[in-house]
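# What the coordinates show
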Amino acid sequence: MEPEGLVRPRPRHDAFTVGLHAKSIRPNMDPLPVVRVLADVVPELPGAVLRVDCHPDVDDPASHWYAPGVLDELRGMSREGRLELSVHDYFDDDALWDYLINLDVSVLPYRFGTHSGWLEACYDLGTTVLAPSCGFYAQQRPCLTYGHDRQGLDAESLRDAVRTAYEERPVRRVDPVERGAERFRIARAHETLYQGLL
């Protein structure tokens, strides 16, 4: 993200928006169990809405990312008014920043993994992240966590994390000066490593 994005004001809006982007449902993602829980708990929170995004390739039998039935279930929940569904192609950078800064909470539906560029972008923009217990997401940046790994989803911990985000409205955003210093330190570390290898 460019430096000016780090100081971009967060927009004011009436709704409390919880977002989950299923993307193209990579192997480390298990969005449907997470969405089912969110679709139950979010309507209990006055003024809260659930937005679910997905790429169209999950509904294309010719695609590597074909995931039969996923969009059918999401569309059904949308028709029932349990979530707002948006099916679209990949965001470019500007569209992604716009999407993330307009969320109050972004839920990562990963069942395995280590770190997340998505979490970094949310931290840059001040969007609260609900991260799974697998990997090192909680050590990467300040976030709320819920139980989710290869063994499955802890639904109650997810409900608790959503309620905490709603009630406390935590503000977790990078300090632009520290982000610049961090980038400099990382660049220097890479330069030192490369020089040592040559």
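Residues numbered from 1 in each chain as written. Predicted model: local features only at pLDDT ≥ 70, side-chain atom pairs only at ≥ 80, totals over all residues. Heavy atoms only, no water.

Moving on: the pattern of salt bridges. Applying the stated criterion across every chain yields a total of 13 salt bridges. Arg-188 is the salt-bridge partner of Glu-191, the closest N and O atoms lying 3.0 Å from each other. Taken together, the positions of Glu-191 and Arg-188, both in helix α7 (residues 176–197) and 3 residues apart, correspond to about one turn of that helix. Exposure remark for Arg-188: the relative accessible area of 43% places this residue in the partly exposed category. (Salt bridge = Lys/Arg side-chain N within 4 Å of Asp/Glu carboxyl O. Helix = DSSP H or I, 4+ residues; strand = E, 2+ residues; numbered from the N terminus. Buried < 20%, exposed > 50% of the residue type's maximum accessible area, 1.4 Å probe, protein only.)

All right, on to the packing of helix α1 (residues 31–41) against helix α6 (residues 155–168) then. Where α1 meets α6, the closest approach of the two axes is 10 Å, and the angle between their N-to-C directions is 50 degrees. In terms of orientation, α1 lies oblique with respect to α6. Here α1 runs over α6; the crossing is right-handed. Residues Val-34, Val-37, Leu-38 and Val-41 of α1 lie in contact with α6, whose contacting residues are Ala-155, Leu-158, Arg-159, Val-162 and Arg-163. (Axes fitted to C-alpha atoms, helices over the stretch in contact; angles between N-to-C directions. Parallel < 35°, antiparallel > 145°, perpendicular 65-115°, else oblique. Left-handed = near helix turned anticlockwise from the far one by under 90°. Contact = heavy atoms within 4.5 Å.)

Below, the discussion takes up the sheet that holds strand β1 (residues 16–21). Strand order in this open sheet of 6 strands is β3-β2-β1-β4-β5-β6, and the pairing throughout is parallel. The outermost strands of the open sheet, each flanked by one partner alone, are β3 (84–87) and β6 (144–146). Geometrically, the sheet is characterised by an average inter-axis angle of 25 degrees between neighbouring strands, direction not taken into account. As paired elements, strand β2 (residues 48–54) and β3 share 4 bridges and run parallel to each other. (Pairing = 2+ DSSP bridges.)

Let us look at the environment of Arg-10. As for its position among the elements, Arg-10 is in the segment before β1. The sequence separation of Arg-10 and Asp-104 amounts to 94 residues, and the corresponding C-alpha distance is 9.6 Å. Contact partners of Arg-10, with chain neighbours within four places excluded, come to Leu-100, Ile-101, Leu-103, Asp-104, Leu-125, Gly-126, Thr-127 and Arg-173. A polar atom in the side chain of Arg-10 sits 3.0 Å from the backbone oxygen of Leu-125. (Polar contact = N/O pair within 3.5 Å; in protein donor to acceptor, adjacent residues only side chain to side chain.)

Here helix α4 (residues 117–125) lies mainly inside the structure; 8 of its 9 residues are buried. With a side-chain oxygen lying 3.1 Å from the backbone nitrogen of Trp-118, the N-terminal cap of α4 falls on Ser-116. Of the residues one or two after α4, Gly-126 is the one with positive phi, at around 85 degrees.

Now for unusual backbone geometry. The phi dihedral of Ile-25 is positive, around 50 degrees, even though this residue is not glycine. Assignment of secondary structure puts Ile-25 in the loop between β1 and α1. One non-glycine residue with positive phi stands out, namely Arg-169, at about 45 degrees.

Position of Ala-95 among the secondary structure elements: in helix α3 (residues 93–101). Look at Ala-95 and you get partly exposed, because its relative accessible area is 26%. Each C-alpha atom, one on Ala-95 and one on Gln-139, is 27 Å from the other, the two residues being 44 residues apart in sequence.

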